[in-house]
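Here is how the chains run, residue by residue.
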Amino acid sequence: MIALENENVTANGAKVSIKKGMVTITVPERVQPKHTATVTLTKKGEAQASQITLTRKADKPISMTLIIQMMMLAFGGVILLATKTDVQKIPNGVVFKSGMVATIAIFGIAWMSDTYFSHAMPQFKGAVMEIVKDYPWTFAFALFIVSVVVNSQAATGVMLLPVGIGLGLPAPLLVGLMPATYGYFFILNYPSDIATINFDVTGTTKIGKYYFNHSFMAPGLVGVVVACIVGVMLGKLFI
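Residues numbered from 1 in each chain as written. Predicted model: local features only at pLDDT ≥ 70, side-chain atom pairs only at ≥ 80, totals over all residues. Heavy atoms only, no water.

Student: Which residues make up the overall build of the chain, and what are the values?
Tutor: Along the chain, the regular secondary structure elements total 7 helices and 6 strands. Helices and strands appear in the chain in the N-to-C order β-β-β-β-β-β-α-α-α-α-α-α-α. Taking all 239 residues of the chain together, the buried fraction comes to 27%. As displayed, the chain offers around 16400 Å² of accessible surface, 67% of which is attributable to carbon and sulfur atoms. (Helix = DSSP H or I, 4+ residues; strand = E, 2+ residues; numbered from the N terminus. Buried < 20%, exposed > 50% of the residue type's maximum accessible area, 1.4 Å probe, protein only. Areas by Shrake-Rupley, 256 points an atom, 1.4 Å probe, with all protein chains shown as cover.)

Shown next, in the form of structure tokens:
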């Protein structure tokens, strides 16, 4: 029994604070998830019982992105200490200036493209899947186009491989066409591509006059086509 005039009481290992009719329950660390406590509230002689489930938020592991950032910063600090670099000269260096320009460019282009494609993704996904179902020979093109939009080889595979299996496409063909999931280079909205252009002080890595005739297009297309051909051949030989 917990009366409203009490401000702090303990019930089943949980601290219950009552203030102005509001009940706050603090769960200690030792309370396991799904631990249940019954708290009875009394007001003006009327009893009201409520079943309260106390849950403790599970600890989440640190994401890989944060780990990479921490490791990069840590090694950067070690390099500064080991080489005794004058930190005041760093902002005047070519690499630092190019990196800052690349960072601003990444924020602008990457966020803009992500906003657009995220909004249109349901319609785009449905249209691509319908085309693949009607014309199975377009599966390789579908892999490439979807990877251009989602910027993720894994997401492309998860999205389209079940469709390919459902269409009855042979396993050697599906495995051999996996290089087609690399289409990041087609539209320059991927952070590493933008950063590369800004880091290249020689000017040989650049965006062309018509945007799509950039430095990554030719090697990217050749690499994907050759890798798919070789992959299909190897798939037929070994699978």
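Student: Mind laying out helix α7 (residues 217-238), listing which residues take part and the relevant values?
Tutor: The first and last C-alpha atoms of α7 sit 31 Å apart over 22 residues, in line with the 32 Å expected at 1.5 Å per residue. By the burial criterion, the buried members of α7 are Met-217, Gly-220, Val-224, Cys-228, Gly-231, Val-232 and Gly-235. One side of α7 holds all its buried residues, which, seen down the axis, span an arc of 95°. Counted as exposed and oriented over 90 degrees from the buried face of α7: Ala-218, Pro-219, Val-222, Met-233, Leu-237 and Phe-238. At its buried positions, α7 is contacted by α3 (139-150) and α5 (171-176). (Expected span 1.5 Å × (residues − 1). Arc of directions from axis to C-beta. Contact = heavy atoms within 4.5 Å.)

Student: So what about the packing of α3 against helix α4 (residues 153-166)? Which residues, and what values?
Tutor: Running from N to C, α3 and α4 point in directions that differ by 155°, and their axes come no closer than 9 Å. What the angle tells us is that α3 and α4 run roughly antiparallel. Once α3 is placed against α4, the crossing between them reads as right-handed. Judged by residue contacts, Phe-139, Ala-142, Leu-143, Val-146, Ser-147 and Val-150 of α3 engage Ala-155, Thr-156, Met-159, Leu-160, Leu-161 and Gly-164 from α4. Looking at the contact of α3 with α4, its residues break down into 9 nonpolar, 3 polar and no charged. (Axes fitted to C-alpha atoms, helices over the stretch in contact; angles between N-to-C directions. Parallel < 35°, antiparallel > 145°, perpendicular 65-115°, else oblique. Left-handed = near helix turned anticlockwise from the far one by under 90°. Nonpolar A, V, L, I, M, F, W, Y, C, P; charged D, E, K, R; others polar.)

Student: Mind laying out the environment of Gly-231, listing which residues take part and the relevant values?
Tutor: You can see Gly-231 is positioned in helix α7. Overall, Gly-231 belongs to the buried group, its relative accessible area being 19%. Taking the C-alpha atoms as reference, Gly-231 lies 7.8 Å from Pro-179; in sequence the two are 52 residues apart.

Student: Can you explain the UniProt feature "transmembrane region" (unreviewed entry) in the chain? Please cite residues and give values.
Tutor: This chain's UniProt record puts "transmembrane region" (unreviewed entry) on residues 62-82, 94-117, 137-161, 173-191 and 211-234. Spanning residues 137-161, this segment combines 84% helix with 0% strand, and its end C-alpha atoms are found 14 Å apart. Secondary structure across residues 211-234 comprises 75% helix and 0% strand; the distance between its end C-alpha atoms is 35 Å. (UniProt positions renumbered as here; feature names shortened; annotations may be inferred.)

Student: I'd like to hear about the nonpolar core, residue by residue, with values.
Tutor: Phe-139 and Leu-160 are the most contacted members of the largest nonpolar core, which totals 26 residues. Of all the secondary-structure elements, those providing two or more residues to this core are α2 (94-134), α3, α4 and α7. When residues of this core are assigned to their parent elements, the largest contribution, 7 residues, is made by α3. (Core = buried A, V, L, I, M, F, W, Y, C linked by side-chain atoms within 4.5 Å.)

Student: Can you lay out the environment of Cys-228 for me, pointing to particular residues and giving the numbers?
Tutor: In this structure, Cys-228 sits in helix α7. According to the relative accessible area criterion, Cys-228 is buried, its value standing at 10%. With 51 residues separating them in the primary sequence, Cys-228 and Leu-177 have C-alpha atoms 5.1 Å apart. If sequence neighbours within four positions are ignored, Cys-228 has contacts with Gly-176, Leu-177, Pro-179 and Ala-180.

Student: Describe in detail unusual backbone geometry, supporting the description with residues and values.
Tutor: Within the chain, Lys-84 stands out as a residue other than glycine whose phi angle is a positive 55°. Inspection of the secondary structure assignment puts Lys-84 in the loop between α1 (64-83) and α2. Given the relative accessible area of 74%, Lys-84 is considered exposed.

Student: I'd like a description of the packing of aromatic side chains, backed by residues and values.
Tutor: A full pass over the atoms with the stated rule returns 5 aromatic pairs. Between Tyr-182 and Phe-185, the ring centres sit 5.7 Å apart and the planes meet at 40°, which makes this aromatic pair tilted. Through a chain of ring-to-ring contacts, the aromatic side chains of Phe-144, Tyr-182, Tyr-184, Phe-185, Phe-186 and Phe-212 assemble into a single cluster. (Phe/Tyr/Trp six-rings, centres within 6.5 Å; stacked < 30°, edge-to-face > 60°.)

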